[in-house]
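Examination of the molecular architecture
Below are the chains, spelled out letter by letter.
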Amino acid sequence: MMTPRRRFYFKLTAISLPFIVFFLAEIIFRLVGIGRPPFQDPYILLYSPSSIFKRVSVNGEACLRVRWTQLYSNRNIEIPEKKPAGKIRVFCVGGSASAGWPHPQEHAYTSYLNEALKVTFPNKSFEIYNVSGHAYGSNRVRLVFEELIELEPDLMIIYSGCNEFLEERFYQTPTRLSETVSKIANFFRLSRVYSWTEGKILKKIDPKSALPADRRSKNRKNIQSRVFQRELDLRKNPEQFAKVLEHYEFNIKEMIRLAKEKKVPVLLLTDPSNIKDWKPNVSSHQEGLSSLESWNSLYKEGRRLLFESRYIEALPIWKKAIELDPQYAESHFWLGTCYFQLKEYPEARKAFLQAVYLDYNPFRALSIMNDTLRRLAVETSVTLVDLEQSFSDATHGCPGYDLFLDYVHPTATGNLIIVRNILERLQTQEIFGKSSIPLPENFVPALKTYDEEKDTCVLHSTLFVCGMMHQYEKMIEVAQKLLPLAQETAKEISQDTLDIFPLYLEIQKNEIYDLPVPNKEEILKKIQDFYRKPDYKYYAE
């Protein structure tokens, strides 16, 4: 028979055992490196965060190597844990435009910046690390930023804004109860075991409000949304759209706050994009449009006049179409085209920006977001590098393929503009001390031996993106350059592009002119087959 003392110890052990197991698991998680300190985000939970690094030894020196695939781990970015004496450490964060994709690493803007700093600050020694993420929105950029800020940086450069609508998610409407629950959960997230377990559960029960921290979710579905030209609820739903903008501002503010706590200067870069040559991904008619037939008639007439380069006559047609349906993004794009061809550049820029704003599957930073960066720079006294304005100044206010490979990724020339603007701010703000040495006008690091129009990786990537977002004229142009240089899959996709899409553009033109299209079904079937080929990576099933 169990004595009272033994019964007491038995109950105590039974009660304590779960806590002991939890405590031991917590120790193991921390020793093994599972999880990381909690990532606070009142909008969308990034669950089960772990470090972006793994510890390695490089020539006997303890280093941190970037290990996440979407952070371009293939570039072997290795950062000494202990900052070398006398080194000025700079971290650059953002999305793929910041990373320099699809250029090779030596032609990212950060590589050019490294060379430029050697010229303008010859007595200083720099180490510049580009830890940007492919298709990363600002919440994921902030996740990276929070680790980098602990590594003794002397400057943080933030170039983020074009991926805010990319990842499918849903913003909940907070209630007093949900806010209380969230505060309690944030306390428990101090535990690596809790954070890891929570992620496993939320992955099943709330996949749109909780996303995995170490990788973007539903990448295939995101690609298909562009191939099928689907409207995104994040843009179409006014409440969700407002939350996207709020969340973006919150993330930028948090990065600035963390930097100020560490007394680290920040360069905040506005996010430029191709507004002149990249048509909106998805144009949507306003609900309840009663005059669709009249609008269609104006649309066809406007397109016919554009085909014939009759821009003066086309201008009032597009204005009338916009009066009937001010929401349809493509109408604003063609209006901008008319103004640009007539050299009315301020009006062209206004129309192009409206087309970007009304795109219901947006993949470019909206001007309202760049305005947010300008306001925050003033409110928080951080240094702004207004790339949107600089790219605009270089192109009559309407940057296009002259400075971009596609919709947001700068050409090598565009990357040089970024560098010159950053240097100007570094020197005028004396962030690294005084330097009166200007960057030579003929400064073109490594470009004398590099031609991006013969880089098959750049061409193949550009071809893929143009196909995903239905920019068929550019797609054909790129395929013509790629075909004689490419091998295997790149050659096949180039040839298919040249076999199929000129015919499809001819179909579109014939329909505008109300001409018969006898082989339409055959061409459409070929396009469907094109997007279904697994090797082409569209996977539009």
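Structure shown above.
Residues numbered from 1 in each chain as written. Predicted model: local features only at pLDDT ≥ 70, side-chain atom pairs only at ≥ 80, totals over all residues. Heavy atoms only, no water.

Below, the discussion takes up the overall build of the protein chain. Assigned secondary structure in the protein chain consists of 20 helices and 10 strands. The proportion of buried residues among the 541 residues of the protein chain is 54%. At a minimum sequence separation of 6, the contacts of the protein chain that also span at least 24 residues come to 75%. As displayed, the protein chain offers around 25,800 Å² of accessible surface, 54% of which is attributable to carbon and sulfur atoms. (Helix = DSSP H or I, 4+ residues; strand = E, 2+ residues; numbered from the N terminus. Buried < 20%, exposed > 50% of the residue type's maximum accessible area, 1.4 Å probe, protein only. Contact = heavy atoms within 4.5 Å. Areas by Shrake-Rupley, 256 points an atom, 1.4 Å probe, with all protein chains shown as cover.)

Note the cis peptide between W101 and P102, where omega equals 5°. Looking at the secondary structure, you find P102 in the loop between α2 (96-99) and α3 (109-120). A positive phi angle, close to 50°, is found at E488, a residue other than glycine. Checked against the element boundaries, E488 lands in helix α19 (residues 488-512). A positive phi angle, near 70°, is found at K537, a position not held by glycine. Tracing the sequence through the fold places K537 in the segment after α20 (520-532).

A separate point is the sheet that holds strand β6 (residues 125-130). Read across the sheet, five strands follow the order β6-β5-β7-β9-β10 without closing on themselves; strand pairing throughout is parallel. The sheet terminates laterally at β6 and β10 (383-385), the two strands that pair on one side only. Averaged over all adjacent pairs, the angle separating strand axes in this sheet is 20°, with direction ignored. Alignment of strand β7 (residues 155-159) against strand β9 (residues 266-269), held across four bridges, turns out to be parallel. (Pairing = 2+ DSSP bridges. Axes fitted to C-alpha atoms, helices over the stretch in contact; angles between N-to-C directions.)

What follows covers the side chain of Q240. Along the chain, Q240 turns up in helix α9 (residues 238-261). If we skip the residues at most four places from it in the chain, Q240 touches R169, F170, Y171, D233 and L234.

Now for the packing of helix α4 (residues 138-148) against α9. At a minimum axis separation of 9 Å, α4 and α9 run at an interaxial angle of 15°. By the angle class used here, α4 and α9 are roughly parallel. α4 and α9 meet at a crossing whose hand is left-handed. For the pair formed by α4 and α9, the contact residues are S138, N139, V141, R142, F145 and E146 on the first element and H247, Y248, F250, N251, E254, M255, L258 and A259 on the second. In terms of residue class, the contact of α4 with α9 is built from seven nonpolar, four polar and three charged. (Parallel < 35°, antiparallel > 145°, perpendicular 65-115°, else oblique. Left-handed = near helix turned anticlockwise from the far one by under 90°. Nonpolar A, V, L, I, M, F, W, Y, C, P; charged D, E, K, R; others polar.)

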